[in-house]
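# Descriptive structure summary
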Amino acid sequence: MIMANTSGIRAHMKSVSSIGKITGAMQMVASARMHQAQQRATASLPFARKLQRLLQEAISDPSVLAHLDPVKNPLLERRPLYRTAYIVIGSDKGLAGSYNSNIVKHTAIELRGKEESPLIAVGKQARLGLLHHGYNVVREWEGFSEKPTYEAAEEIADYAASMFTHREVDEVDLIFTYFKSPMVQIPRTDAILPLKTNFENDEQWQAQEVWEKDDPTDFSTLVYEPEAGEMLPYLASYYLKSQIFTALIQSSASELAARMTAMTTATDNANTLLGKLRLHYQKVRQSSITTEINEIVGGAEALK
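Computed from a predicted structure; not experimentally measured.

Criteria and cut-off values
Sequence positions are assigned chain by chain, starting from 1 and proceeding in written order. Only residues with pLDDT of at least 70 get local features here, since the model is predicted, and only at 80 or more are side-chain atom pairs given and counted; chain-wide, interface and lining totals rely on the full set of residues. With hydrogens and water excluded, all non-hydrogen atoms of the structure serve as input to the side-chain values. By the criteria applied, helices consist of DSSP H or I runs no shorter than four residues and strands consist of E runs no shorter than two, each listed in order from the N terminus. It only takes one pair of heavy atoms within 4.5 Å for two residues to be counted as in contact. For this analysis, a polar contact is any N or O atom pair within 3.5 Å, provided that within protein one partner can donate a hydrogen and the other can accept it, and provided that sequence-adjacent residues contribute only side-chain to side-chain pairs. Residues with no salt bridge and a relative accessible area higher than 30% make up the patches, which join like charges within 9 Å and nonpolar side chains (Val, Leu, Ile, Met, Phe, Trp, Tyr) within 5 Å. Areas reported as accessible are Shrake-Rupley estimates using a 1.4 Å probe. Residue values count occlusion only from the protein chains shown. The salt bridge definition used is simple: a Lys or Arg side-chain nitrogen within 4 Å of an Asp or Glu carboxyl oxygen. When a residue's accessible area, from a 1.4 Å probe over protein chains only, is under 20% of the maximum for its type it is buried; when over 50% it is exposed; and in between it is partly exposed. Aromatic rings from Phe, Tyr and Trp, with only the six-membered ring used for Trp, were paired whenever their centres fell within 6.5 Å, and each pair was classed as stacked if the ring planes differed by under 30 degrees, edge-to-face if by over 60, and tilted otherwise. Lysine and arginine charges are scored as sitting over a ring when NZ or CZ, respectively, is within 6 Å of the ring centre and within 35 degrees of the ring normal. The rule for pairing is simple: two strands pair if DSSP sees at least two bridges between them. It is the directions from the helix axis to the C-beta atoms whose arc is reported. The angle between two axes is taken between their N-to-C directions and runs from 0 to 180 degrees, where each axis is a line fitted to C-alpha atoms and a helix contributes only its stretch in contact.

Attention now goes to the environment of Arg-40. Among the secondary structure elements, Arg-40 is positioned in helix 1 (residues 2-58). Separated by 212 residues in the primary sequence, Arg-40 and Ser-252 place their C-alpha atoms 9.6 Å from one another. In this structure Arg-40 touches Lys-147, Pro-148, Phe-245 and Ile-249, once residues within four positions along its chain are discounted. A distance of 3.1 Å separates a polar atom in the side chain of Arg-40 from the backbone oxygen of Pro-148.

What follows is the structure, given as structure tokens:
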């Protein structure tokens, strides 16, 4: 019975040790990829800010706003809000701690009273989580959550713009995870359609700490060719795609940071459990040796 116990403990120790090696390797891989994604995420925000200011400058002229043609500028059209679509960005793979569950919980809060809203899921785990809660997923993309591409952002933006311009929805919101630091990732919601025509009080953009308050670029000296009114449809479309691409990059860094943290915790737990198992093994083994010695001594005494 004692031998069976020690054999079972050794098998358990071997299993825990193997798991610890796997999670340790995954932690190192996630850490290396996270640092690359962090640099990419940090670099993407100033570009998004400048593009936003460029769009704002293009429509700051009252004459441009007064003569906006809704046919040529459908992404700027504001209408009564009856139906909202949501683009929800998660990950393709699991083992990322609470990353995907947090984005699904955040989506659930946004959808209170609007459970039938159409959802565009980006990432396999996001799609599975939303379907599990019974939400209306009308389209999904997957296969690039760790390494998002601009081409993927274009496809998602074109689909969202088509829903909006065909009046299937009156608004499109983007739900993603903002990468603040390797230890802090914050689920958030940004309204992306219709495009804003005034960013002065836009808290979701002003809150970005990495952007400089005093942008050295003098946008008032820009000369538009063709005129701002004619260029606006192209600029608006490009701005929408850049918003989604920036969100994909932010989510990628957040996913890898969450996975790195989860695998670090798993490795630490495996090492802690392995230490306890070794101590328990030594106690059981010592007990078995003591029992055998007592049996030998007892047998010797009986032969006297």
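Attention now goes to a nonpolar patch on the surface. A surface patch of nonpolar side chains, about 270 Å² in accessible area, is lined by Met-183, Val-184 and Ile-186. Mapping Val-184 onto the fold places it in strand 5 (residues 184-193). Residue Val-184 is classed as partly exposed on the basis of its relative accessible area, which comes to 36%.

This part is about the packing of aromatic side chains. All told, the structure shown has three aromatic pairs when counted by the stated rule. Ring centres 6.3 Å apart and planes at 55 degrees place the aromatic pair Tyr-150 and Tyr-238 in the tilted group. Of this pair, Tyr-150 sits in helix 5 (residues 150-165) while Tyr-238 is found in helix 7 (residues 228-303), placing the two residues 88 residues apart along the sequence. Using a relative accessible area of 37% as the deciding quantity, one classes Tyr-238 as partly exposed. Between Tyr-150 and Phe-245, the ring centres sit 5.5 Å apart and the planes meet at 90 degrees, which makes this aromatic pair edge-to-face. Of this pair, Tyr-150 sits in helix 5 while Phe-245 sits in helix 7, and the two are 95 residues apart along the sequence. The side chain of Arg-139 reaches across the aromatic face of Trp-141, ending 4.2 Å from its centre.

In this section: the environment of Asp-173. Examined against the element boundaries, Asp-173 turns out to sit in strand 4 (residues 171-181). Accessibility expressed as a relative area gives 8% for Asp-173, which makes it buried. For the pair formed by Asp-173 and Leu-193, sequence separation is 20 residues and the distance between their alpha carbons is 6.9 Å.

Once that is clear, we can look at the pairing of strand 1 (residues 84-89). Within strand 1, six of the six residues are buried, which leaves it mostly tucked inside the rest of the structure. Going residue by residue along strand 1, you find Thr-84, Tyr-86 and Val-88 tucked away on one face and Ala-85, Ile-87 and Ile-89 tucked away on the opposite face as well. Here strand 1 runs beside strand 4; their pairing, made up of five bridges, is parallel. Opposite Ala-85, over in strand 4, you have Val-172 as the bridge partner. One ladder, built from four bridges, connects strand 1 with strand 2 (residues 118-122); its direction is parallel. What sits directly across from Ile-87, in strand 2, is Ile-120.

Further remarks concern helix 4 (residues 124-132). Buried within helix 4 we find Ala-126, Arg-127, Gly-129 and Leu-130. Relative to the axis of helix 4, the buried residues are bounded by an arc of 165 degrees and lie together on one face. The elements touched by buried residues of helix 4 are strand 1, helix 3 (99-110), strand 2 and strand 3 (136-141). Immediately beyond the C-terminal end of helix 4, within one or two residues, lies Gly-134, with a positive phi of roughly 80 degrees.

Strand order in the open sheet made by the five strands is 3-2-1-4-5, with mixed pairing throughout. Both edges of this open sheet fall to strand 3 and strand 5, since each of them pairs with a single strand only. With strand direction ignored, the average angle separating the axes of adjacent strands in the sheet is 25 degrees. Its contacts with the sheet put helix 3 on strand 1, strand 4 and strand 5, and the angle it makes with strand 4 is roughly 140 degrees. Most of the contacts of helix 5 go to strand 3, to which it runs at about 145 degrees, and overall it touches strand 1, strand 2, strand 3, strand 4 and strand 5.

Turning our attention to the pattern of salt bridges. Oppositely charged side chains are able to pair whenever their charged atoms sit close together. According to the stated counting rule, one finds 10 salt bridges in the structure shown. Across the pair Asp-170 and Arg-79 runs a salt bridge whose closest N-O atoms are separated by 3.0 Å. Here Asp-170 is found in the loop between helix 5 and strand 4, whereas its partner Arg-79 is found in the loop between helix 2 (62-66) and strand 1, with 91 residues between them in sequence. The two residues Asp-170 and Arg-79 agree in class, both being buried. The salt bridge involving Arg-259 is made with Glu-255; its shortest N-O contact spans 3.2 Å. Placement of the pair is Arg-259 and Glu-255 together in helix 7, with a separation of four residues, close to one helical turn. Its relative accessible area of 5% is what places Arg-259 among the buried residues. Here the residues in one salt-bridge network are Arg-33, Glu-146, Glu-255 and Arg-259, joined through shared partners.

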